[in-house]
Amino acid sequence: MTDLNADLGEGFGTWTLTDDDALLAVVTSANVACGFHAGDASVMRRVCDAAAAGGVRIGAQVSYRDLAGFGRRAMDVPAAELAAEIAYQIGALRVFAEAAGSTVSYVKPHGALYNRTVRDDEQAAAVIEGIRLAGGSPAVLGLPGSRLLAHAASARLVAVEEAFADRAYTPEGTLVPRGEAGAVVHDPDEVVRRSVGMAVERTVTGADGSRVPVVARSLCVHGDTPGAADLARRVRAALEEAGVTIRAFT
């Protein structure tokens, strides 16, 4: 069994990036931008309404406050400030999720914050503090072996490991930084093969050609890549053909 998640609601005002409706017909979990790297009130409301209507779980995709850089620029945010900003983003999304008859089932950091919390204890702890400040007990979605998931488990939150269909892996099981060549896998056939391999064989070919163990309950198909919806449909069809049950983790 595996969950399929995608980053959605990554628009702002009249600018749009993700094909939310098409992706919501494929994925089981929606990582909804909460306004700090993308998204605004209207976008969040629309995506939550559509996700709830389609039975897709709603997750808060929290970020550093970085609209101009799409949340992908490294930032040094004091822990107390970061915790407050995480709670703020979750609270904003929860309003629209609950108005749609659903809830915020999980939290996933975005971009630079996601990568930072793989190894940075202070920033990882601040994210978890923000989640607890927002209330409830949402699951936490992150990279296997990350400090984020370790702190989530310590806080008695459900820690959910995820893998990435279209990202290159280092031999250590972390993601190749986006600034490096080959960080994103663009060949659709290769993305499909890697997805099935991670779900069935629990391994992926690393950037150096080595076999890297990947044990994950959720697979991310990025929504901001060209043809993302068609690729997501291909990935889901290939997984189901391989005998993998597609189901939300929450």
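Chemist: Would you mind going over a nonpolar patch on the surface with me for this structure?
Modeler: On the surface, a cluster of nonpolar side chains totalling about 370 Å² of accessible area is made up of Phe-12, Trp-15, Leu-17 and Leu-67. With respect to the secondary-structure elements, Leu-17 resides in the loop between β1 (3-8) and α1 (20-24). We classify Leu-17 as partly exposed; its relative accessible area is 34%.

Chemist: What's the story with the packing of helix α4 (residues 111-119) against helix α5 (residues 121-134) in this structure? I'm lost.
Modeler: A packed helix pair is summarised by two numbers, namely the angle formed by the two axes and the spacing between the axes. In the contact formed by α4 and α5, the axes pass within 6 Å of each other and the chain directions differ by 115°. When the axes of α4 and α5 are compared, the crossing they make is left-handed. Across the interface between the two elements, Leu-113, Arg-116, Thr-117 and Arg-119 from α4 touch Asp-121, Gln-123, Ala-124 and Val-127 from α5. A breakdown of the residues in the contact of α4 with α5 according to their chemical character gives three nonpolar, two polar and three charged.

Chemist: Is there a simple way to think about the sheet that holds strand β5 (residues 139-142) in this case?
Modeler: In a beta sheet, neighbouring strands pair by backbone hydrogen bonds and run either parallel or antiparallel. Pairing is parallel around the closed barrel formed by seven strands, whose spatial order is β1-β2-β3-β4-β5-β6-β9. Averaged over all neighbouring strand pairs, the angle between strand axes comes to 30°, with direction disregarded. Strand direction decides the pairing type here: strand β6 (residues 159-164) and strand β9 (residues 218-220), joined by three bridges, are parallel. Opposite Glu-162, over in β9, you have Ser-218 as the bridge partner. With respect to the sheet, helix α2 (residues 41-53) is in contact with β1, β2 (29-33) and β3 (57-62), its orientation differing from that of β2 by roughly 170°. Lying on the sheet, α4 is in contact with β3, β4 (104-109), β5 and β6; it crosses β4 at an angle near 80°.

Reading guide: rules and limits
- Residue positions are given per chain, counted from 1 along the sequence in the order it is written.
- With pLDDT at 70 or above as the cut-off, local features in this predicted model cover only qualifying residues; side-chain atom pairs require 80 or more to be listed or tallied, and sums for whole chains, interfaces and linings still use all residues.
- Side-chain descriptors were evaluated using all non-hydrogen atoms of the structure, hydrogens and water having been removed beforehand.
- The patches described consist of residues with a relative accessible area above 30% and no salt bridge, like charges being joined within 9 Å and nonpolar side chains (Val, Leu, Ile, Met, Phe, Trp, Tyr) within 5 Å.
- What sets the accessible areas is the Shrake-Rupley method with a 1.4 Å probe; for residues, cover comes only from the shown protein chains.
- A pairing counts as a salt bridge when a side-chain nitrogen of Lys or Arg comes within 4 Å of a carboxyl oxygen of Asp or Glu.
- Each helix corresponds to a stretch of at least 4 residues labelled H or I by DSSP, and each strand to a stretch of at least 2 residues labelled E; elements are numbered beginning at the N terminus.
- Note on classification: 1.4 Å probe, protein chains only; a residue is buried when its accessible area is under 20% of the maximum for its type, exposed when over 50%, partly exposed between these limits.
- All axes here are fitted lines through C-alpha atoms, helices being fitted over the stretch that makes contact, and every angle between N-to-C directions spans 0 to 180 degrees.
- By definition, any crossing whose near helix is turned counterclockwise from its far helix by less than a right angle is left-handed, and any crossing with a clockwise turn is right-handed.
- Contacts are assigned to residue pairs that have any heavy atoms within 4.5 Å of one another.
- Each residue is assigned to one of three groups, with Ala, Val, Leu, Ile, Met, Phe, Trp, Tyr, Cys and Pro labelled nonpolar, Asp, Glu, Lys and Arg labelled charged, and all others, Gly among them, labelled polar.
- DSSP-based pairing: two strands are paired if at least 2 bridges between them are found.

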